[in-house]
Amino acid sequence: MELIYRTIIVFLAGYVFLRVTGKKAVSQMHTFDLLYIFVLTNIISTPIEVNGLGKALTYAAITVVLYKILIRLSLHNKLRWIIYESPTVLIRNGDIDRTGLKKVRMPMNELLSHLRVQGYTDTQNIDLAVMEETGSISVIPKSEYRPIQPKDLNLKVKKEYVPIPLIMDGQIIYHNLKYLKLEQGWLMNEVKKTGEKVEDIILATYLENGKLFIDNDVIKEHKGDPYYYNPGEDN
C-alpha cells in the first residue's frame, strides 16, 4: 500500500509541476527544455524506490521555480542566445549548405525526406530551408513555386468558419452549448430528427447555417467501389 501511495503522489505532483511549467509539445522543446524534463522526472520518481518523498517534492518544486525564472529571463535576447541554439540554414536560394548540414549532423537523405514531407521534391525550388531551434525544418519556396493565394488572383474570400462540436464520443459538450446560447432541448430535438442516439454519435458539430452535422460510429459498406479500396486482406 505504501508503494501505491507513493506512486500516486509522485504522479499527481509530476502532473502539477508540468502544468505549472507550461504547455509545449515535445517537438517544440529546446535542448534546455528536455534537460529540465529529464531532471524533474528523475527527482520526482526517486521516492518510489527509496524514502524521502518530502525532500524529493521540495527539490522538484525548486527545479520548477528555477526553470520558470530562466524562461522568463530568456525573453531578453542576450540570455536567449546563450540558452538556446541558433537556427541553421540548410538550403539558400536552391543551393544546399553543406556547412549547415554538418553542423546539425544531418545526412542528405534525411534532408530530402524532410522536404518530401512538406511537399517539396526538388531543392532547386527552395529559397530557404532552416532547421529551427526546436529541431523542426522550415521551408520557404521560391516565389514562382509557392502555392497560389486568393490575393494573387484578386479574389475576396469569406472568413473561415470552424464547426463547433456539441457532441463528442457520445457526450454532450455543455460549455459549447452555453457559448452558442443554445438549450439542451434544442440539441436533443435535432438529434431525434435524425433518428440517432447521443451515445451512438462520435461527433456532432454546429454548422455556419445553424444546422447540426452528425457523424455516428457506423461505417457505410462500399464493397467493390474502387474509390473506397482498403489495402490488405480486409476487403
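Just so it is clear, the structure is predicted and the values come from calculations on it, not from any experiment. (Residues numbered from 1 in each chain as written. Predicted model: local features only at pLDDT ≥ 70, side-chain atom pairs only at ≥ 80, totals over all residues. Heavy atoms only, no water.)

### A short note on helix H8 (residues 184-193)
What counts, and what does not: Throughout, exposure labels follow a simple rule: accessible area from a 1.4 Å probe, protein chains only, divided by the maximum for the residue type, with under 20% read as buried, over 50% as exposed, and the rest as partly exposed. Numbering of helices and strands runs from the N terminus; a helix is a DSSP stretch of H or I covering at least four residues, while a strand is a stretch of E covering at least two. Note that the arc is defined by the directions from the helix axis to the C-beta atoms. Here, two residues are considered to be in contact whenever any of their heavy atoms come within 4.5 Å of each other.
Taken together, the buried positions of H8 are Leu187, Glu190 and Val191. Mapping the buried residues of H8 onto a view down its axis gives an arc of 100°, with all of them on the same face. Opposite the buried face of H8, at more than 90 degrees from it, the exposed residues are Lys192 and Lys193. Looking at the buried residues of H8, the elements they touch are strand S5 (164-168), strand S6 (171-172), helix H7 (174-179), strand S7 (201-206) and strand S8 (212-216). Backbone geometry just after H8 places Gly195 at a positive phi near 80°.

### Focus: the side chain of Asn125
On the secondary structure map, Asn125 appears in the loop between helix H6 (108-117) and strand S3 (126-131). Look at Asn125 and you get buried, because its relative accessible area is 19%. Residues in contact with Asn125, not counting those within four places in the same chain, are Pro141, Lys142 and Tyr145.

### Description of the side chain of Glu190
Formally: Polar contact criterion, stated in full: a pair of N or O atoms within 3.5 Å, where within protein one must be able to donate a hydrogen and the other to accept it, and residues adjacent in sequence count only if both atoms are side-chain atoms.
Here Glu190 is to be found in helix H8. Taking relative accessible area as the criterion, Glu190 reaches 18% and is therefore assigned buried. Within polar-contact distance, the side chain of Glu190 engages the side chain of Lys193 at 3.2 Å.

### Digging into the nonpolar core
Definition in use: Definition of nonpolar core: a set of buried residues of the types Ala, Val, Leu, Ile, Met, Phe, Trp, Tyr and Cys, connected through side-chain atoms within 4.5 Å.
Ranked by size, the top nonpolar core spans 13 residues in total, and within it Ile167, Leu187, Val191 and Leu212 carry the most contacts. Within the residue set of this core, elements represented by two or more residues are S5, H8, S7 and S8. Once residues lying within four places of it in the same chain are set aside, the contact partners of Leu212 are Leu166, Leu187, Glu190, Val191, Ala204, Thr205 and Tyr206. In terms of nonpolar packing, the next biggest core, distinct from the first, is built from twelve residues, Leu90, Ile91, Met106 and Leu111 among them.

### A look at the pattern of salt bridges
Convention followed: Salt bridges are defined as contacts in which a side-chain nitrogen from Lys or Arg sits within 4 Å of a carboxyl oxygen from Asp or Glu.
Counting across every chain of the model gives three salt bridges. With a shortest N-O distance of 3.1 Å, Arg146 and Asp152 are connected by a salt bridge. Among the residues examined, Arg146 registers a relative accessible area of 38% and is labelled partly exposed. Between Glu208 and Lys158 there is a salt bridge, and its shortest N-O distance comes to 3.5 Å. In this pair, Glu208 is assigned in the loop between S7 and S8 and Lys158 in the loop between strand S4 (137-141) and S5, connecting sequence segments 50 residues apart.

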